[in-house]
Amino acid sequence: MTRPATPVVSAQTRPLLVLASASPRRKELLSQIGLEPDIIDPADIPEIPMPAEKPRHFAGRLAVEKAAAVAERHKGAFVLAADTVVAVGQRILGKASTETEARRFLSLLSGRKHAVFTGTALVLPNGTVRQKTVKSTVIFKPLDEHDIQSYLKSGEWQGKAGAYAIQGLGSIFTAKIQGSYSNIVGLPLHEVAMMLAGNGFNVWRHSSLMPKGA
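### Some remarks on the confidence of the model for the chain
For any part of a model where pLDDT is low, the fine detail of the predicted coordinates should not be relied upon. With 94% of its residues at a pLDDT of 70 or more, the chain has an overall mean of 94. Here residues 1-12 is modelled with pLDDT under 50, and outside its nearest four sequence neighbours on either side it reaches nine contacts, counting other chains as well.

Structure (structure tokens):
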């Protein structure tokens, strides 16, 4: 198999920024701070918790595994990966595969507090891995049958951890959040920006929102 060419880095150019995720939400979140990945290359790894694995550890482990898998294909780049997990206590709610499962998740979340963990991992150009997991808390209003049935009909639950999207119709259910909103959407922007900046990626310089020459 032919391996991708290693990017050539000079004093005038920065290493490539690779987003190891196909999530349009994560790409949109990065664009909010003016960062556009040079390459989008999703990792294709099993997303299955280990026996008795806690939600925080699961999110962090998957992020590291995704970043490491993609970094093998992009030597010398910054590779950013993330994984978001919704949990009620220590019970992990993954991406619902059917309406029946989505209904069960929404019924479980109804009227109660749950946690959202997003693990982020950054592989540096020299191969070093940085990792951080952020927790936010969400409280749902009590959901009646009309709420659940209407949301299921919308289809928005598909492909979403916990079977809802807080940035969409799922916001109707959200009575209160504690912590980072962007973390709940799928990428904790403050922590990601600090991770990049602290490891040699100048976020201000590379942000498209900054004036040219600033």
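Resuming the write-up.
### Observations concerning the packing of helix H3 (residues 99-109) against helix H4 (residues 145-154)
Between H3 and H4, whose axes approach to 10 Å, the crossing angle comes to 140°. Relative to H4, H3 is oriented oblique. Of the two elements, H3 crosses H4, and the hand of that crossing is right-handed. Here Glu 99, Ala 102, Arg 103, Leu 106 and Ser 107 of H3 come into contact with H4, specifically with Glu 145, Ile 148, Gln 149, Tyr 151 and Leu 152. Here the residues of the contact of H3 with H4 are counted per class, giving five nonpolar, two polar and three charged.

### Topic: the side chain of Ser 21
Mapped onto the elements of the fold, Ser 21 is located in the loop between strand S1 (17-19) and helix H1 (24-32). What makes Ser 21 buried here is its relative accessible area of 7%. Aside from chain neighbours lying at most four places away, what touches Ser 21 is Arg 26, Ile 40, Asp 41 and Pro 42.

### Remarks on the packing of aromatic side chains
Enumeration over the complete set of coordinates arrives at four aromatic pairs. Grouped by ring-pair contacts, the aromatic residues Phe 140, Tyr 151, Tyr 164 and Phe 173 constitute a single cluster.

### Description of H4
Residues three or four positions apart in an α-helix share a direction because the helix packs 3.6 residues into each turn. For H4, the full list of buried residues reads Asp 147, Ile 148, Tyr 151 and Leu 152. Axial view of H4: buried residues confined to an arc of 125°, hence all on one face. Exposed residues on H4 whose side chains face more than 90 degrees from its buried face are His 146 and Lys 153. Where the residues of H4 are buried, they touch H3. Between the side-chain oxygen of the N-cap and the backbone nitrogen of His 146 there are 3.1 Å, and the N-cap of H4 in question is Asp 144. Within two residues after H4, Gly 155 carries a phi angle of roughly 80°, on the positive side.

### As for the environment of Ala 63
Turning to its location among the elements, Ala 63 is positioned in helix H2 (residues 55-71). Along the sequence, Ala 63 and Gln 131 sit 68 residues apart, while their C-alpha atoms lie 8.0 Å from each other. In this structure Ala 63 touches Ala 81, Ala 82, Asp 83, Gly 119, Thr 120 and Ala 121, once residues within four positions along its chain are discounted.

### Some words on H2
Here H2 contains 17 residues, and its C-alpha end-to-end distance of 24 Å stays within 8% of the 24 Å for a straight helix at 1.5 Å per residue. Residues Pro 55, Phe 58, Ala 59, Gly 60, Arg 61, Leu 62, Ala 63, Lys 66, Ala 67, Val 70 and Ala 71 constitute the buried set of H2. Buried-residue contacts for H2 involve S1, strand S3 (78-88), strand S4 (91-93), strand S5 (113-123) and strand S6 (129-140).

### Quick word on the nonpolar core
Ranked by size, the top nonpolar core spans 42 residues in total, and within it Leu 106, Phe 140, Tyr 164 and Leu 196 carry the most contacts. Leave out the neighbours within four places in its chain, and Leu 106 touches Phe 140, Leu 143, Ile 148, Tyr 151, Leu 152, Ala 163, Tyr 164 and Phe 173. Membership of the second largest hydrophobic core comes to 12 residues, among which are Val 18, Ala 20, Ala 81 and Val 123.

### Notes on the pattern of salt bridges
Applying the stated criterion to the full structure yields 10 salt bridges. Between Glu 53 and Arg 61 there is a salt bridge; the shortest N-O distance is 2.7 Å. Classification of Arg 61 by relative accessible area gives buried; the value is 16%. Measuring nitrogen to oxygen at the nearest pair gives 3.1 Å for the salt bridge that ties Arg 61 to Glu 65. Taken together, the residues Arg 61 and Glu 65, both in helix H2 and four residues apart, mark about one turn of the helix. What you see here is one network of salt bridges that share partners, running through Glu 47, Lys 66 and Asp 83.

Calculation notes
Residues numbered from 1 in each chain as written. Predicted model: local features only at pLDDT ≥ 70, side-chain atom pairs only at ≥ 80, totals over all residues. Heavy atoms only, no water. pLDDT = per-residue confidence, 0-100. Contact = heavy atoms within 4.5 Å. Axes fitted to C-alpha atoms, helices over the stretch in contact; angles between N-to-C directions. Helix = DSSP H or I, 4+ residues; strand = E, 2+ residues; numbered from the N terminus. Parallel < 35°, antiparallel > 145°, perpendicular 65-115°, else oblique. Left-handed = near helix turned anticlockwise from the far one by under 90°. Nonpolar A, V, L, I, M, F, W, Y, C, P; charged D, E, K, R; others polar. Buried < 20%, exposed > 50% of the residue type's maximum accessible area, 1.4 Å probe, protein only. Phe/Tyr/Trp six-rings, centres within 6.5 Å; stacked < 30°, edge-to-face > 60°. Arc of directions from axis to C-beta. Polar contact = N/O pair within 3.5 Å; in protein donor to acceptor, adjacent residues only side chain to side chain. Expected span 1.5 Å × (residues − 1). Core = buried A, V, L, I, M, F, W, Y, C linked by side-chain atoms within 4.5 Å. Salt bridge = Lys/Arg side-chain N within 4 Å of Asp/Glu carboxyl O.

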